[in-house]
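# What the coordinates show
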Amino acid sequence: MPSCHSTNDIALEMARNSDITEGTVIITDDQTEGRGQRGNSWHASPGKNITLSLLLKPKFLEASKQYPLNMAISLAVLKTVNDQLADNEASIKWPNDIYVGRRKIAGMLIENGLSRKTLDYSVIGIGLNVNQSDFGGLQATSLKDELDKDSDLELIFQKLVENVEAYYLQLKAGKSLAIKEEYLRSLLGYRSKLKFRTEYEFEGTIQDVTESGQLSVSINGRSENFSFKEIDFIL
């Protein structure tokens, strides 16, 4: 569609009110009220980026053990970005942003519907900066900024959907451990010191991500787990 307020909102409404087919994609050239993690907005210039929502039905995942889906989607977006970059420079900033160096190039918002103890559906919102260069002073980048040229939006979209399908099928085949291992290797700051902020600032080392998606950080020799609303990176 040429313009909409939020592809995730449209996909959620469809998932709740109709028997929508798994794999349905809602994509727009101009998303006016895109949403991100922590209630943040996602701003994208019309016609220059990829803003879409994808509906999946991961009924094989328990609601309490759903984070592997987050990992799989993050890896799919990361591969899409790194396949375009010569030196595979991008990494995942927990929980599911994609960064090149210290600048954000893509983000995801996953919203789930539950059926008793399992997932009924998942709406996967993805925003990927492709041909935009002006971010109004935000700490962001795009494929154009990194490659110094425009990219084919249709080609990037096709690669993204193919990568999501490939990682989703891995997850469905029970390969969550392999997905987690790749996710950890791809994490920004994994097993190296970073600065963080909670109610105070401190240095710590990312050691793991728990089954529920909490970030496990080693602080002065002790391990502490944080939910995504409880801790910020200082980059």
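Residues numbered from 1 in each chain as written. Predicted model: local features only at pLDDT ≥ 70, side-chain atom pairs only at ≥ 80, totals over all residues. Heavy atoms only, no water.

One open sheet holds the six strands; their spatial order is 1-4-8-7-6-5, and the pairing between them is antiparallel. With one partner strand each, in any of the chains shown, strand 1 (25-28) and strand 5 (90-93) form the two edges of the open sheet. Pairwise comparison of adjacent strand axes, ignoring direction, gives a mean angle of 20° for this sheet. Here strand 4 (residues 50-56) pairs with strand 8 (residues 118-128) via seven bridges, running antiparallel. Bridged to Leu55 within strand 8 is Val123. Sheet contacts for helix 4 (residues 153-172): strand 1, strand 4 and strand 8; angle to strand 4, the most-contacted strand, approximately 30°. (Pairing = 2+ DSSP bridges. Helix = DSSP H or I, 4+ residues; strand = E, 2+ residues; numbered from the N terminus. Axes fitted to C-alpha atoms, helices over the stretch in contact; angles between N-to-C directions. Contact = heavy atoms within 4.5 Å.)

The next point concerns the layout of surface pockets. In this structure, the second largest pocket occupies an estimated 390 Å³ of space. Lining the second largest pocket we find 20 residues, and of these Gln66, Tyr67, Asn70, Ser212 and Phe228 sit closest to its centre. In terms of residue count, strand 7 (residues 103-115) provides more of the lining of the second largest pocket than any other element does, four residues in total. Of the residues that constitute the lining of the second largest pocket, the class distribution is nine nonpolar, 10 polar and one charged. (1 Å grid on protein atoms, 1.4 Å probe; cavity = no way out; pocket = protein on both sides within 12 Å on 5 of 7 lines; lining within 4 Å. Points joined across faces, edges and corners; volume = space filled by probe spheres on them. Nonpolar A, V, L, I, M, F, W, Y, C, P; charged D, E, K, R; others polar.)

A few words on the pattern of salt bridges. Where charged atoms of side chains with opposite charge meet at close range, the side chains can pair. If you walk through the whole model with that rule in mind, you get nine salt bridges. Across the pair Asp19 and Lys57 runs a salt bridge, and its minimum N-O distance is 3.5 Å. Of this pair, Asp19 sits in the loop between helix 1 (7-17) and strand 1 while Lys57 sits in the loop between strand 4 and helix 2 (67-82), and the two are 38 residues apart along the sequence. Taking relative accessible area as the criterion, Asp19 reaches 70% and is therefore assigned exposed. The partner of Lys79 in a salt bridge is Asp83, and the shortest N-O contact between them spans 3.1 Å. (Salt bridge = Lys/Arg side-chain N within 4 Å of Asp/Glu carboxyl O. Buried < 20%, exposed > 50% of the residue type's maximum accessible area, 1.4 Å probe, protein only.)

All right, on to the environment of Glu89 then. Within the secondary structure layout, Glu89 lies in the loop between helix 2 and strand 5. C-alpha of Glu89 to C-alpha of Glu146: the two residues are 57 residues apart in sequence and 9.9 Å apart in space. Apart from residues lying up to four places away in sequence, Glu89 is in contact with Asn82, Tyr99, Val100, Gly101 and Glu146.

Another aspect to go through is the side chain of Ser216. Tracing the chain through its elements places Ser216 in strand 11 (residues 215-219). In this view, Ser216 contacts Thr205, Ile206, Gln207, Asp208, Ser223, Glu224 and Asn225; residues no more than four positions away in its chain are not counted.

Before going further, it helps to examine the sheet that holds strand 13 (residues 232-234). One key point about sheets: their strands pair by backbone hydrogen bonds, in either a parallel or an antiparallel sense. The strand order across the open sheet built from five strands is 12-11-10-9-13, with neighbouring strands paired in antiparallel fashion. A strand with exactly one partner marks an edge of an open sheet, and here the two such strands are strand 12 (222-226) and strand 13. Averaged over all pairs of adjacent strands, the angle between strand axes in this sheet comes to 50°, irrespective of strand direction. Note: strand 9 (residues 193-197) against strand 10 (residues 201-209), five bridges, orientation antiparallel. Within the sheet, the bridge partner assigned to Arg197 lies in strand 10 and is Glu201.

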